[in-house]
Amino acid sequence: MKKLTRKLEPHLFMVPSYLVLLVFMGYPLLNCIRLALSNYKVTQLDNVTFAGLDNFKRIFADSQIGMIAANTIKFVLITLLCQLVLGFILALALKKPFKGRGIYQGIVFLPWAFSGFLVGLTFQWMFNGEYGPINDILLKLHIIDEKISFLGSPNLAIYTVIIALVWQGIPFFGIMILAALQSVPEDLIEAAKIDGANSIKRFTKVTVPCIKPTLIVTVLLRTIWIFNNADIIYIMTKGGPANSSDTLSSYMFMKAYSTLDFGFASALGVLFMLGLTVYIIGFIKVTKYNQAGDHV
C-alpha cells in the first residue's frame, strides 16, 4: 500500500495540471474528432449529420492532397535543415566573448520575437514582383534582366515562404545551441586536447555528444512548429498559386475558414495529429533520446 501511495503521490500533485490539460486540450481534441465524423458546414448548420468516415474518404480522393503532402515534406525538411545549420553557425560565432556581444545577440535574436503576421507582411513586400526590393537589388546587380514574380510563380512561391520562416527560426536554434555549448565542461575539451585530438575531433567526439540532448529536443520542437505553421503561408501566398505553396496545415486552415467546411478540415486535423504522433515516437526512438549524453 505504501509503495502504491508513493507512486501515486507525484500524480496527485499534478492533478491541477491534468485538469488544465483536460479542459484546454482534451475537450478541443474530442470535439475535433466529433467534427471529423460529421457533415459540419457553417453555411448549413441546420443540416449537421453523422458522416462516418466520409470526410476521410474525401481527403484521399482530393486531387491536390498528393502535391500538398509532398510540399509539406519539402517545406519542413528544407526549412529545418537551413535553420539548424545557420543556427549552429550563429551559436558558434557567439560562443566566444567579444566587444559588443550583448548588443549583437539582442539584434540577431530579435526575429524570434516577431509575430508570424509581421514576418509574413515584411517578406511579402520584399518579394513583391512589382515594387519589392529583392527584384530591385537583383536588377541593379545584373543578376536578372527582368522582374520575377516570386509570389506568383508555382515554382518559386513555396521557397519565398521557406526563406521567411528560416529567417524567423534561426534565432531559436541559435539560443538553444549557444546555451548548450556554454554548458559543455571545459575539462573534457582540455582532456581531448591533451590526448592529441584536433579541433574537428573535439567537436564531433566531445562537443556534439554533450549537446545531443538539446539538439534532439530543439529539432523535435522546431519540426512540430514548422509542420503547424500556416500564418506566414496564408499572409504571403494564401497557398497559391494553384496550391503550389500549400502545406497540410495551411490547406486545413483554408478549408476551415475559406470554404467553412469544418468537417473536412477537422478530418485533416485528425490525420495531421496522428502523423505527428507517429513521427514524434519514431524520432525519439531513432535518436535514442533516453541514452543521449550517457556515453560522454
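What counts, and where the lines are drawn
Residues numbered from 1 in each chain as written. Predicted model: local features only at pLDDT ≥ 70, side-chain atom pairs only at ≥ 80, totals over all residues. Heavy atoms only, no water. Helix = DSSP H or I, 4+ residues; strand = E, 2+ residues; numbered from the N terminus. Buried < 20%, exposed > 50% of the residue type's maximum accessible area, 1.4 Å probe, protein only. Contact = heavy atoms within 4.5 Å. Areas by Shrake-Rupley, 256 points an atom, 1.4 Å probe, with all protein chains shown as cover. Core = buried A, V, L, I, M, F, W, Y, C linked by side-chain atoms within 4.5 Å. Patch = residues over 30% accessible without salt bridge, like charges linked within 9 Å, V, L, I, M, F, W, Y side chains within 5 Å. Salt bridge = Lys/Arg side-chain N within 4 Å of Asp/Glu carboxyl O. Phe/Tyr/Trp six-rings, centres within 6.5 Å; stacked < 30°, edge-to-face > 60°. Lys NZ or Arg CZ within 6 Å of the ring centre and 35° of its normal. Axes fitted to C-alpha atoms, helices over the stretch in contact; angles between N-to-C directions. Parallel < 35°, antiparallel > 145°, perpendicular 65-115°, else oblique. Left-handed = near helix turned anticlockwise from the far one by under 90°. Nonpolar A, V, L, I, M, F, W, Y, C, P; charged D, E, K, R; others polar.

**Q** Give me the lowdown on the overall build of the protein chain, citing residues and values where you can.
**A** Helix and strand counts for the protein chain come out as 13 helices and 2 strands. Across the 296 residues that make up the protein chain, the buried fraction comes to 38%. Of the contacts formed within the protein chain by residues at least 6 apart in sequence, a portion of 70% connects residues at least 24 apart. Split by element, the accessible area of the protein chain, about 17,600 Å² in all, is 68% carbon and sulfur.

**Q** I'd love a proper account of the nonpolar core, names of residues and values included.
**A** With 47 residues, the main nonpolar core has Phe 75, Ile 177, Ile 211, Ile 232 and Met 236 as its most contacted residues. Of all the secondary-structure elements, those providing two or more residues to this core are helix 4 (65-95), helix 6 (116-126), helix 7 (133-140), helix 8 (157-182), helix 9 (186-194), helix 10 (199-228), helix 11 (231-236) and helix 13 (262-287). The biggest single contributor to this core is helix 8, with 12 residues. Other than its neighbours up to four places away in sequence, Met 236 contacts Gly 120, Phe 123, Gln 124, Leu 151, Thr 160, Val 161 and Ala 164. Listed in part, the 10 residues of the second largest apolar core include Ile 65, Phe 264, Leu 268 and Val 270.

**Q** Residue-level account of a nonpolar patch on the surface, with values.
**A** Taken together, the side chains of Leu 8, Leu 12, Met 14, Val 15, Tyr 18, Leu 19, Val 20, Leu 21, Leu 22, Val 23, Phe 24 and Met 25 make up a nonpolar region of the molecular surface, amounting to roughly 1,200 Å² of accessible area. Within the residue set of the nonpolar patch, elements represented by two or more residues are helix 1 (2-13) and helix 2 (15-36). In terms of residues, the nonpolar patch owes the most to one element, helix 2, which gives 9 residues. Checked against the element boundaries, Leu 22 lands in helix 2.

**Q** Run through the packing of aromatic side chains, naming residues and quoting values.
**A** Following the criterion strictly, the structure yields 16 aromatic pairs and no others. Residues Phe 114 and Trp 167 carry aromatic rings whose centres are separated by 6.1 Å and whose planes lie at 25° to one another, so their mutual orientation is stacked. Note that Phe 114 is positioned in the loop between helix 5 (101-108) and helix 6 and Trp 167 in helix 8, a separation of 53 residues in sequence. Among the aromatic residues, those joined into a cluster by ring pairs are Tyr 40, Tyr 234, Phe 253, Tyr 257 and Phe 262. In this arrangement the basic side chain of Lys 255 is found over the ring face of Phe 264, its NZ or CZ atom lying 5.2 Å from the centre.

**Q** Any chance you could break down helix 12 (residues 248-257) for me, citing the residues and the numbers?
**A** By the burial criterion, the buried members of helix 12 are Ser 249, Ser 250, Tyr 251, Met 254 and Ala 256. Residues of helix 12 that are buried make contact with helix 4, helix 10, helix 11 and helix 13.

**Q** Explain unusual backbone geometry residue by residue, including any values.
**A** Negative phi values dominate among residues other than glycine, just as trans dominates among peptide bonds. With an omega of -5°, the peptide bond running from Gly 240 to Pro 241 counts as cis. Along the polypeptide, Pro 241 turns up in the loop between helix 11 and helix 12. Of note, Asn 243 is a non-glycine position whose phi angle comes to about 65°, a positive value. Within the element layout of this structure, Asn 243 appears in the loop between helix 11 and helix 12.

**Q** Give a detailed account of the packing of helix 2 against helix 13, specifying residues and quantitative values.
**A** One way to put it is that helix 2 packs onto helix 13 with a least axis distance of 7 Å and a crossing angle of 125°. On the basis of the axis angle, helix 2 is oblique to helix 13. Once helix 2 is placed against helix 13, the crossing between them reads as left-handed. For the pair helix 2 and helix 13, the contacting residues are Leu 29, Cys 32, Ile 33, Leu 35 and Ala 36 in the first and Phe 262, Gly 263, Ser 266, Ala 267, Val 270 and Met 273 in the second. Partitioning the contact of helix 2 with helix 13 into residue classes produces 9 nonpolar, 2 polar and no charged.

None of the figures reported here should be taken as evidence of function without further support.
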